[in-house]
Structure formats: C-alpha cells, structure tokens
Amino acid sequence: MQQHRSLDTLGFISMLHGGHQQLAKFKENVNALNVFPVPDGDTGTNMYLSFTSGIEQISRLPEGTSLERVVTAFSEGLLMGARGNSGVILSQLFRGFQLAFGKATHIDPHLFAQALQSGVQTAYKAVSRPVEGTILTVAREAAMAADVASKKANVTIEHVIIAAVERARQVLAKTPDLLPILRQAGVVDSGGQGLVYIYEGFLAALNEAYNARGDEWEHRLQQSELRKPVVFATNEVHGEGEFGYCTEFMIRIADQGEEEPILPRVRNAMSVLGDSLLVVQANDLVRVHVHTLHPGEALEAALTFGPLVQVKIDNMTEKNRSLMLVSDEQLEQEKKSGTVLAEPRSSDQQIHQPSKAEQKVCGLVVVAAGQGIVDLFESLGVDYIVPGGQTMNPSTEDLLAAASQVSASHVILLPNNRNIVMAAKQASVVSEGRIHVVETHSIGQGLGAALVFHPEHEVSANEAAMQDAISKIMSGSITTSVRDSVIGDHVIGEGDYIGMIDGEIASVNPSRTAVLTALIEQFCLRGAEICTAFYKDPAFISEVQATIMTLQAKYPLVEFEHQYGGQPVYDYLLAAE
C-alpha cells in the first residue's frame, strides 16, 4: 500500500476529486435516508452539487497554482454553490481547511488533522443550536480520531484518514441512538452518511485498495436493523420563545490573523444576551443575528471586537401592531408588474447591480416550482422567481444572482422551504446586508407574505407585515410513501398517502381522498376561515371538487378554494388561515 508522508497541491486536488466521485456514486443512497418515507430526500443531491461547485472552481485555476489558492477557490466555490442545510454545513467544514492550511505548500498528517478540527469548529459556529446525531457529530468524532492518529510515530496521511473514516462509520451507525427521530424512521443521518462517503473517497484517491469499501459499508447498512421499521415513543418537540428585538450587525475585523479566535468569543458574548443566534464569517466581516431583550448591550459587546457595519434592530413585540399599512387595492397598483424566472448563472458571470437611479426601496425574490404556483406569484408582482423547492434546492449563488437582477436598494428573499433557509441566510451574509431573509417554510407562507409586500415601504415594515401574515398560516402537503415505516402512532405502508400539517404527520391512508379530507377538516377544526388546495395534476380536479363540496356542507362558514399548482413531489399542497 502506498503511503504519503505529505501531500502537495496536486495530491490535495486528487483527494478532493476522490471525495467528489464517491459522493456522485452514492448520492442516491444518501437521498434514500429520509426521516419520513416520502420521495423528497435530497441531502445527497445537495451535498453533491455543493461539492461540485468547489471542484468546478478549482478546475478553472491555471496549472501550477499554489495550495493556498486552490483551497481558497474550493472553499469559495462551496460557499457560493451551497444548497440546502447539508450543503451549507459542508461549505463550513471546508472553510476550516482554508483557515488551517494558511500559506502552507504541503500538507502533513498533523496539518490535515488540524484542518478537520478547524472545519468542525467553523461548522458548529454557523449553527445556532447544533443537534447531536447529525453530520456535525460525525465530523467532530472523525476529526478527534484523526487528531489522535496524527500524533503517533511514523504516521502518514493514510493513517489519519483511515482513523477518520473508521470513526465516522462507527458514529454514523450510532446516530439513531443520539437522535430519536432517526431511530423512529429506521435510518442513519443522511448528512453524516454523505460525509462518510466523502472521506472514503479521500482514502480511495490515495489508495485504490479502499475503492470497494463504500459498497461494503452500504451493504452492511442495508442488512442492519436500522433499515427495519422501528416503533418509537413520540415525535420531537419543536419551538421555543423568541426575544424582543431582532438585532443584526456586522463587525469588521481589521487583522485577519485574529479572525479564528474572535469568532468563538463573539459567539460566547452574544449567547448570554439572546436567542436565535447566528454567527458566520465572510472575508473580513463577522455577521451576527440575535434576538435579545437588550440590543444596546449586544452592540456594546460587539464593539469590543471591532467597528460595526450595517446595524439593524427591529422591535418584534411591536411588529404585529403597526402593519397593514396599505389596502389590497393600493398593493395591486404599486407592485411591479414584470416578473422573471431566474436562470442559474455560471460562476464567471458578473453580478449586475442596478443603478441607484432606477432602484425602488424594496424588491421581492421567491423560490417556487410548479407552473400554477409560479403564475400565482407572478400575479402578486414578485420581482424574481428562483426555480426550486423540495428536492430542487437553489444554491447560495443562484439566490445572489436573482437578487442582483432586482432594481431595489434592499431585497426580501422568501425561501418557502425549511431546507433552503440556511443557503438564503448565507446569501444574505455574502450580500453584506442587501438581502433580507423572511423565513417562509412553505408555499402557503410564501404566498401569504407576498400578499402584504409593498415595494415602496422600508424593509422593516415589510418584514413585520410578512411575519404577521405568516403567523396566521397553516400549511399541509400530501404525497406517497416510498417504504414501510412506523412514525409515532402512524403505521405507514409503502404506497400509502401521507398527509402532513406544518411538518408533522397528520393522516395516513391508502386513499388519497381520505387524506385530503382529513387534512382540510383538521384545518377547519383549528379555526381556519379560508382553505386552499393546490393540486399537482389537472386530473385531480374532480377529486378536490368533490371533497370541497362534501366539506362545504359540514363547514358552511369556511371559504374553500382550489387552484392548479403543478408542483413536483406533492399531489397536494394546502394552505389555510
């Protein structure tokens, strides 16, 4: 077996290609590790496309480029191409490589182990509430094993990576013990599995003898108890209270050499002052988002680290009291009539920034898929629609490119999907505050937010109006199960229809009509005044009409609507308020 005491630039590039190839080979396996047995798993695709962006970035570099420039280009490519939460976390893991390598020309075992540790530290900082049993746990434990191996006598790069791979596999198998929802679903963590494949690819690139290990591991996983339905007690509990002031600012760091020690100190200083904390780095800026009762104390604490840039404070307590500033007729008159669908751009295209003379106060960009839904957003005067949604998460770069085409001083971005929120927030950081993310988790929430948007109102007023609208919306979806499973009290058979309300399973039945009826009826029982069903296929119209007719007789005070959505994955998307 060939052994490497160190890697040069070409060796590092070869290793990255190995990780990329292994992820490409097994990305569908990662997609299949979905907590809910529905056909919307996309973690593998998101990690692969994010990694591909990094690979493409280094492929543009001239021959003889330094290791420092290669790892910087790879890190930047990952950052801009990050898709979904898994892609964003992956970008932060490799941001740690850039920080650790510095100006090194070769990578020895100890430096490689340091890079893994640095990546873990950077990734944990980017997540306000890290959850154990995820990709973060797998990365942390692998890095610790690599660190131990790097301190042994006569150590090679292979020894360090083998230690990381073996420990990553062990911890991956234990993720269901750390995260009950995984055990309940009978799967291991999908992001952790994707990371294992990348590390295996690193090893395979250095030693061809390890090429088959990925297949061997997947076979063992398929045969394990984790692939069998397991009954678990309850679903996770979600949600905590929020603090009074949404406080956002950036700290400019003069000395890049101090960047790494400053980040944990900023995080520690802010964590005692509030909630919903996000601390990330972009070049010489540290961006902070925190909900706190004392924004002045947060700013005073931040000033100890450097000058502040683009301070923004919103009183969330007052948001719901001052909104509804214009009538629906005024909104329709004022909104921009022309809407365009965003096309993903290549990395070498220049981002266009509209001139100040042509800018309005506030623009609106949304993520959506399905011709009927796109048409509806267009009718609401949205400036730019980025194609995407579940299983089709746009990258940070796609979102930045869309915002760059909007002629407005500020742009509000509606991700309309939980898995797009992290990439959206990363786009906000890179845009240095021009992009403002309103966290819509569904198409229903996005439509509700778009309805109250006004292009000539300040960002804070629009954000407040949108948050008020979102708080009144209930969202549902119906799709087909792709495997037998047991989730909480729900016994799910392959081919059954699964109805979900706000991310929780609400109904399971072999009859789609029965699930549709059950979900809409639950909305009615929860006090809904308007219920709208968006159907995937025109062939479903008779089904939804018959269902609404039955329910209208039972709930005469509720207004029922149905519209063609054309959305992928889900037979029905539902919204109620």
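Residues numbered from 1 in each chain as written. Predicted model: local features only at pLDDT ≥ 70, side-chain atom pairs only at ≥ 80, totals over all residues. Heavy atoms only, no water.

**Q** So what's going on with the overall build of the protein? Which residues, and what values?
**A** Secondary structure summary: the protein contains 21 helices and 17 strands in total. Counting every position in the protein, which comprises 577 residues, the buried fraction comes to 58%. Here the analysis covers contacts within the protein between residues at least 6 apart in sequence; of these, 73% occur between residues at least 24 apart. (Helix = DSSP H or I, 4+ residues; strand = E, 2+ residues; numbered from the N terminus. Buried < 20%, exposed > 50% of the residue type's maximum accessible area, 1.4 Å probe, protein only. Contact = heavy atoms within 4.5 Å.)

**Q** Report on the sheet that holds strand 15 (residues 530-535), specifying residues and quantitative values.
**A** Spatial strand order, 14-13-10-17-15-16: 6 strands in an open sheet with mixed pairing. Among the strands making up the open sheet, the edge pair consists of strand 14 (504-509) and strand 16 (559-564). Recorded for the sheet is a direction-independent mean angle of 20° between the axes of neighbouring strands. Note that strand 10 (residues 474-480) and strand 17 (residues 572-576) share 5 bridges and pair antiparallel. Across the sheet, the residue bridging to methionine 474 is alanine 576, located in strand 17. (Pairing = 2+ DSSP bridges. Axes fitted to C-alpha atoms, helices over the stretch in contact; angles between N-to-C directions.)

**Q** Tell me about unusual backbone geometry, and name the residues and values.
**A** Phi at asparagine 154 is positive, roughly 55°, even though this residue is not glycine. Positionally, asparagine 154 belongs in the loop between helix 6 (135-150) and helix 7 (157-178). The backbone phi angle of asparagine 416 is positive, close to 60°, even though this residue is not glycine. Tracing the sequence through the fold places asparagine 416 in the loop between strand 8 (408-414) and helix 17 (421-430).

**Q** Break down helix 21 (residues 541-554) for me, citing the residues and quoting the values.
**A** Between the first and last C-alpha of helix 21 there are 20 Å, a value that for 14 residues agrees with the 20 Å anticipated at 1.5 Å per step. All of the buried residues in helix 21 are Glu543, Val544, Thr547, Ile548 and Leu551. The arc enclosing the buried residues of helix 21, seen along the axis, measures out at 125°, which places them on a common side. Counted as exposed and oriented over 90 degrees from the buried face of helix 21: Ser542, Met549, Thr550 and Ala553. (Expected span 1.5 Å × (residues − 1). Arc of directions from axis to C-beta.)

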